[in-house]
Amino acid sequence: MRSKSIWLLLLVLTLTAAAGFFVYPNPAGGGLANNFLPWRLGLDLVGGSQLIYEVDMSAIVSSDRDSVMAGLRDVIEKRVNLFGVSEPNVVVAKSGGAFRLLVELAGIKDIKEAIKLIGETPFLVFSEASNSDNKEEIKFTPTNLTGRYVKKAQMIFDQVTNQPQIFLEFSDDGAKIFEELTGRNVGKPLAIFLDNNLISAPTVSGKISGGRAQITGQFTIQEARQIVERFNAGALPAPIKLVNQQTIGAALGQDSLRKMLEAGLWGTLAVMAFMLLYYHTLGIFAVLALSIYIVLALSVFKLFSVTITLAGIAGFILSIGMAVDANVLIFERMKEEMKKGLSRLAAIDAGFIRAWTSIRDSNLTTIITSVILFYFTSSFVKGFAITLLIGVLVSMFSAITVTRTLLRVFIRK
């Protein structure tokens, strides 16, 4: 048993050493925030731009609005990612009958640049010809076939004229709508509008099945390529309008970060001192396990590119205290078993077994709360929830595996 524990301890220490090198801050650059690169820092720490868009839902039926908003969020995230700004924070908000998107771009301090990154993401709609008072003028009525159903776009060339064309492929639902639309408009023009600008109005020669279509027109290669890029970045299922914009500085965030890190450091040292004074030798093992826990938890944050915010740091500091709670439960159980006459080694196993249910239940409630906070809140609260969740999961490993292994290796009969 002790031999296996020694090998397990060596494995944990090796893993911790590797994690320590992995999480070590990059010393390049100036300022506290730069020293934490390539950590992913949030808007409240490094500053950036915040944009608020209002979504026009007038043409969307009520039952589809939630899915449309989810699609909008995905499109905005995808479009910003294409320009090198990874992990934007895009939040859906609803107030009364108004639908809005809050876009936070950490590190982008130029509002004009931020707006450019979002761009005039295209709103594509197919419209069918309708009667007009002026017989020479064709009036088009928008249909429910929009960019929401565009699966992908590709630039191709006509084999005869060598003119660039745009090939569109629709989703399964879009293919059904497109087939019905072309079926009832045979011999009539079917117009494609991009941001209310007419791209093309070809005449439908017959019902088109399979969900594939070509947009023809007098495009230059550059124009066709730009339209294809914008489609692949994501055609919006509903129009959006920028209603508010602001730049957020990082000076206040850096000062708050420094204070929070100092508070976390002193708080952790105070907890360690308490464990040493109250539990003596057992406290040494608790301090070692807590140190290993901190390094491993930070490595998980960095490995999965968790965006670090002030609220997220608060969640991590809270999880440090919860990690010590598990050790307290274990040590108290061990004392009770030793009073019953068990040897130290027997008391270790019995203490862990009896304390496990309490540790499991207390951490499970925190895990459930963290999951609820993550899925039903937004912005910085999500950062608090995810760091707390990861911290609790790692703390359970450190309390049960690391502390137990240390005791088995170093405690004698």
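What counts, and where the lines are drawn
- The residue count restarts for each chain, going from 1 along the sequence in the order it is written.
- The model is predicted, so local features are restricted to residues of pLDDT at least 70 and side-chain atom pairs to those at 80 or more, both for listing and for counting; the totals for chains, interfaces and linings are taken over all residues.
- Hydrogens and water are ignored here; the side-chain numbers use all heavy atoms of the structure.
- Runs of H or I in DSSP of at least four residues are treated as helices and runs of E of at least two as strands, each being numbered from the N terminus.
- Here, expected helix span is obtained from the residue count minus one, scaled by 1.5 Å.
- Note on definitions: salt bridges are taken to be side-chain nitrogens of Lys or Arg within 4 Å of carboxyl oxygens of Asp or Glu.
- The rule is simple: take the accessible area with a 1.4 Å probe, protein chains only, and divide by the maximum for that residue type; under 20% is buried, over 50% is exposed, in between is partly exposed.
- Fitting a line to C-alpha atoms yields each axis, with helices limited to the stretch in contact; the angle taken between N-to-C directions then spans 0 to 180 degrees.
- Left-handed describes a crossing in which the near helix is turned anticlockwise from the far one by less than a right angle; the clockwise case is right-handed.
- Only heavy atoms matter for contacts: two residues are in contact if any of them lie within 4.5 Å across the pair.
- Here the nonpolar group is Ala, Val, Leu, Ile, Met, Phe, Trp, Tyr, Cys and Pro; Asp, Glu, Lys and Arg are the charged ones; every other residue, Gly included, is treated as polar.

Engineer: Provide a residue-level description of helix α8 (residues 281-303), including the pertinent values.
Structural biologist: Taking 1.5 Å as the rise per residue, α8 with 23 residues should run 33 Å; its terminal C-alpha atoms sit 34 Å apart, in good agreement. The positive-phi residue at the C-terminal boundary of α8 is Ser305, with phi of around 55°.

Engineer: An account of the pattern of salt bridges is needed here, citing residue identities and associated values.
Structural biologist: Inspection of the entire model under this criterion finds 9 salt bridges. Residues Glu128 and Arg184 are paired through a salt bridge, measuring 3.2 Å at the closest nitrogen-oxygen approach. Of this pair, Glu128 sits in strand β4 (residues 124-130) while Arg184 sits in the loop between α5 (172-183) and β8 (190-194), placing them 56 residues apart in sequence. Using a relative accessible area of 17% as the deciding quantity, one classes Glu128 as buried. You can call Arg184 partly exposed: its relative accessible area is 42%. Measuring nitrogen to oxygen at the nearest pair gives 3.7 Å for the salt bridge that ties Glu336 to Arg333. Linking Glu336 with Arg333, this pair stays in helix α9 (residues 310-339), spanning 3 residues, or about one helical turn.

Engineer: Please provide a residue-by-residue account of the packing of α8 against α9, values included.
Structural biologist: At their nearest, the axes of α8 and α9 sit 10 Å apart, and the two run at 145° to each other. Seen along the crossing, α8 lies across α9 with a hand that is right-handed. On α9, the residues touching Leu282, Ala286, Leu290, Tyr293, Ile294, Ala297, Leu298 and Phe301 of α8 are Phe316, Ser319, Ile320, Ala323, Val324, Asn327, Phe331 and Met334. A breakdown of the residues in the contact of α8 with α9 according to their chemical character gives 14 nonpolar, 2 polar and no charged.

Engineer: Any details on the environment of Asp255? Residues and values, ideally.
Structural biologist: Assignment of secondary structure puts Asp255 in helix α7 (residues 251-279). Expressed as a C-alpha distance, the spacing of Asp255 and Leu45, which sit 210 residues apart in the sequence, is 8.8 Å.

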